[in-house]
Amino acid sequence: MAEISAKIDEGTRIDVDEARWLWLNASAEELQQLAYKVRARFHAPGECTYMVMRIINYTNVCVAQCDYCAFYKLPGQAGGYVMSHDDVFAKIDELIALGGDLAAFNGGFNPALPLSYYCDLFAAIRARYGDSVEFYALTIAEFMYLADHAKISNAEAAQRLKAAGVRWITGGGSEILTEDFRSRHSKFKYTVTEYFEAQRAIVEAGLKTTATMVIGFDETLDERLEHLDRTRQFQDETGGLASFLCWTFKPYFTQIGGIEITTAEYLKHLALCRIFLDNIPRIRTSVLTQNQQALEGLKYGADDFDLPIEDEVTQKAGATISLDFERILSYARELGFEPTYRHVALAAAKA
């Protein structure tokens, strides 16, 4: 512990073996202290940011058949839907009325939707709202399916979306980035190698992207560490990851089932992420899956969070959402942090 602590004090990177040692041997308090030291390289003590955002699930038709998903319908199955432009506009208008300015899109691998559906939708949003609203257009996984389905390269797909007004394609669909995990739970999704190839094409196209991770399935410690190591290597090579968000698997009504991990385990993992990912400035804690307790993550290295108003994917699996934003923000203040609203739309427009 003394050797690892000294390395962190010096700003020296820890390796995978040291991260494993910390997980197995360090107390929660020790991880908290180390994570806060790394956090201080990027953010002042007591400083944190937040957003009010909505995840718009534009379709629930998907052929990926991941066993951890309670949301999807197969093509032709009762209950499947695709949103119209007006449906999407109504959800964005409600987001604005609640004080938010960020929408994220997450649906699935819908074989009935061509690339033109996405380009037309995103161009219409940009034309209607300009720079007053920003949107995370698709996840990496959806982007890969879209390019594959259109029989075009990742680079071409990225350019087509960029021309339609897209600025962000986020790191969703990663879950746990090991080939073994994907073969166990999402065998119709793309490989880890393909995932990073697509994300690299997104960065090279001049689009912004993020890193994500979901824990609490049946993943091993080694799989968690491999995910973090791959993410750090990708950031070393590209510098394209604006943030890292980790959340917890909601098992209810899913094929895989299981029991949720504890908040204590989540916070411990969040601290390890902050310590290990020394090249990503923003670490985000998940109010969507941990509710108000997620803000305790600010003491374990996180510096940012969002206040969600909707995400049907996680809500179908048991997530609950509160619109009592002031109560949640007050809890951040009780923990010793002063939350400041982070306007993604304004920042993107200036960039």
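We now turn to the structure provided with this report. Since this is a predicted model, take the numbers as computed values, not measurements.

## As for the overall build of the protein
Okay, step 1: The number of helices and strands found in the protein is 15 helices and 9 strands.
Okay, step 2: Its C-alpha radius of gyration of 19 Å places the protein within 12% of the 20 Å reference for a compact globule of 351 residues.
Okay, step 3: Taking the principal axes of its C-alpha atoms as reference, the protein extends roughly 55 × 40 × 40 Å.
Okay, step 4: Taken over 351 residues, the protein has a buried fraction of 57%.
Okay, step 5: For the protein, restricting intrachain contacts to residue pairs at least 6 apart in sequence, the fraction spanning at least 24 positions comes to 74%.
Okay, step 6: About 13800 Å² of surface is accessible on the protein, with carbon and sulfur atoms providing 51% of the total.
Okay, step 7: Across the protein, 35 positive and 49 negative side-chain charges occur, with their mean positions spaced 2 Å apart.

## Here's the deal with the packing of helix 6 (residues 140–150) against helix 9 (residues 192–204)
Okay, step 1: Here helix 6 crosses helix 9 at 90°, and the two axes come no closer than 10 Å. As far as their axial angle goes, helix 9 and helix 6 are roughly perpendicular. Between helix 6 and helix 9, the contacting residues are Ile140, Phe143 and Met144 on the first element and Glu194, Tyr195, Ala198, Gln199 and Ile202 on the second.
Okay, step 2: Split by residue class, the contact of helix 6 with helix 9 holds 6 nonpolar, 1 polar and 1 charged.

## Overview of the pattern of salt bridges
Two side chains carrying opposite charge are able to pair once their charged atoms lie near each other.
Okay, step 1: In this structure the tally under the stated criterion is 30 salt bridges.
Okay, step 2: Arginine 282 serves as the salt-bridge partner of aspartate 303, at 3.8 Å between the closest nitrogen and oxygen. Here arginine 282 lies in the loop between helix 11 (263–276) and strand 7 (283–285) and aspartate 303 lies in the loop between helix 12 (287–290) and strand 8 (304–308), a separation of 21 residues in the sequence.
Okay, step 3: Linking arginine 333 and glutamate 338 is a salt bridge whose minimum nitrogen-to-oxygen distance equals 3.5 Å.
Okay, step 4: For arginine 333, a relative accessible area of 35% puts it in the partly exposed group.
Okay, step 5: Accessibility expressed as a relative area gives 46% for glutamate 338, which makes it partly exposed.

## Quick look at the packing of aromatic side chains
Any aromatic ring pair is given by two values, namely how distant the centres are and how the planes are angled relative to each other.
Okay, step 1: Using the criterion set out here, one finds 20 aromatic pairs in the structure.
Okay, step 2: Judged by centre distance (5.2 Å) and plane angle (80°), the ring pair of tyrosine 50 and tyrosine 341 falls under edge-to-face. Of this pair, tyrosine 50 sits in strand 1 (residues 47–56) while tyrosine 341 is found in strand 9 (residues 338–341), placing the two residues 291 residues apart along the sequence.
Okay, step 3: Residues tyrosine 118 and phenylalanine 122 carry aromatic rings whose centres are separated by 6.5 Å and whose planes lie at 40° to one another, so their mutual orientation is tilted. Here the residue tyrosine 118 and the residue phenylalanine 122 both occupy positions in helix 5 (residues 115–129), the gap between them amounting to 4 residues, near one helical turn.
Okay, step 4: Residue classification places phenylalanine 122 among the buried positions, given a relative accessible area of 1%.
Okay, step 5: Over the face of the ring belonging to phenylalanine 276 we find arginine 232, whose NZ or CZ atom lies 3.6 Å from the ring centre.
Okay, step 6: Across the ring face of tryptophan 23, the terminal group of lysine 268 is positioned such that the distance to the ring centre comes to 4.3 Å.

Conventions and cut-offs
- Residues numbered from 1 in each chain as written.
- Predicted model: local features only at pLDDT ≥ 70, side-chain atom pairs only at ≥ 80, totals over all residues.
- Heavy atoms only, no water.
- Helix = DSSP H or I, 4+ residues; strand = E, 2+ residues; numbered from the N terminus.
- Rg over C-alpha atoms; globule rule 2.2 N^0.38 Å.
- Buried < 20%, exposed > 50% of the residue type's maximum accessible area, 1.4 Å probe, protein only.
- Contact = heavy atoms within 4.5 Å.
- Areas by Shrake-Rupley, 256 points an atom, 1.4 Å probe, with all protein chains shown as cover.
- Lys, Arg positive; Asp, Glu negative; His and termini not counted.
- Charge placed at Lys NZ, Arg CZ, Asp CG, Glu CD.
- Axes fitted to C-alpha atoms, helices over the stretch in contact; angles between N-to-C directions.
- Parallel < 35°, antiparallel > 145°, perpendicular 65-115°, else oblique.
- Nonpolar A, V, L, I, M, F, W, Y, C, P; charged D, E, K, R; others polar.
- Salt bridge = Lys/Arg side-chain N within 4 Å of Asp/Glu carboxyl O.
- Phe/Tyr/Trp six-rings, centres within 6.5 Å; stacked < 30°, edge-to-face > 60°.
- Lys NZ or Arg CZ within 6 Å of the ring centre and 35° of its normal.

So far we have only geometry, and geometry alone does not tell us how the molecule works.
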